[in-house]
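Geometric and topological summary
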Amino acid sequence: MSGQTVFEEIAALFAAHGGETYGEGVTIAQHSLQTAALARAEGAREALCLAALLHDVGHFLEERDDRFGYHKHDRSGGDWLAQRLPAEISEPVRLHVAAKRYLCAAEPDYVALLSEASVHSLSKQGGAMTAEEAAAFAARPFAAEALRLRRWDDGGKVTGIEVPPLETYRAAIARLAR
């Protein structure tokens, strides 16, 4: 690590890349903060709120594949977070793309709820899961948390709303950092 606190590392990534967009009509930072705000509004545990905040950090770590971002951001983000924060944060992040694929298989109407960017990335991420893949996903640790995160992810794409800033999460990140 760099000698910075985990929060400082995260804040630097948000400062450097948070203003970028990936086809959602909001910046990545706005989307991340909205997703975390939805988790908090639902009363999610602190670690899951941080997973919601940091679910797209992988977009900040790798070159984008196309205008919609880096399509394996779940893996890169999960790996990066696992070095800094507990599995209660890194694993829902690692599984949030799989959760989208699962929901596409489990709920026939779910695909219609996805944004254009999410539909595009779904095609790059393997499409809807097979029945076997869905059963294996559902049995994984943190699958339920990843599914909750996915719902907030889908909802955190609203232009023009005010949500708490990144600084709001400093103390929670400091408490949970390795």
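For clarity, every value in this text was computed on a predicted model and none was experimentally measured.

Brief notes about the side chain of Q34
- Mapped onto the secondary structure, Q34 falls in helix α2 (residues 28-41).
- By relative accessible area, which is 5% here, Q34 ends up buried.
- Beyond its immediate chain neighbours, meaning those up to four positions away, Q34 contacts V26, G155, G156, K157, V158, I161 and V163.

Here's the deal with the nonpolar core
- Ranked by size, the top nonpolar core spans 33 residues in total, and within it I10, F14, L53, L54 and I173 carry the most contacts.
- Looking at this core, the elements with two or more residues in it are α1 (6-17), α2, α3 (46-54), α5 (73-82), α6 (87-106), α9 (143-155) and α10 (170-176).
- In terms of residue count, the dominant contributor to this core is α3 (eight residues).
- Once you skip the residues sitting within four places of it in the chain, L53 turns out to touch F14, S32, L33, A36, L166, Y169 and I173.

Regarding the packing of α3 against α9
- Orientation of α3 relative to α9, taken along the N-to-C sense of each, is 50 degrees, at an axis distance of 10 Å. Classified by the angle between their axes, α3 and α9 sit oblique to one another. At the point where α3 passes α9, the crossing takes the right-handed sense. Here L48, A51 and A52 of α3 come into contact with α9, specifically with E145, R148, L149 and W152.
- Its residues assigned to classes, the contact of α3 with α9 shows five nonpolar, no polar and two charged.

Scoring rules and cut-offs
- Residues numbered from 1 in each chain as written.
- Predicted model: local features only at pLDDT ≥ 70, side-chain atom pairs only at ≥ 80, totals over all residues.
- Heavy atoms only, no water.
- Helix = DSSP H or I, 4+ residues; strand = E, 2+ residues; numbered from the N terminus.
- Buried < 20%, exposed > 50% of the residue type's maximum accessible area, 1.4 Å probe, protein only.
- Contact = heavy atoms within 4.5 Å.
- Core = buried A, V, L, I, M, F, W, Y, C linked by side-chain atoms within 4.5 Å.
- Axes fitted to C-alpha atoms, helices over the stretch in contact; angles between N-to-C directions.
- Parallel < 35°, antiparallel > 145°, perpendicular 65-115°, else oblique.
- Left-handed = near helix turned anticlockwise from the far one by under 90°.
- Nonpolar A, V, L, I, M, F, W, Y, C, P; charged D, E, K, R; others polar.

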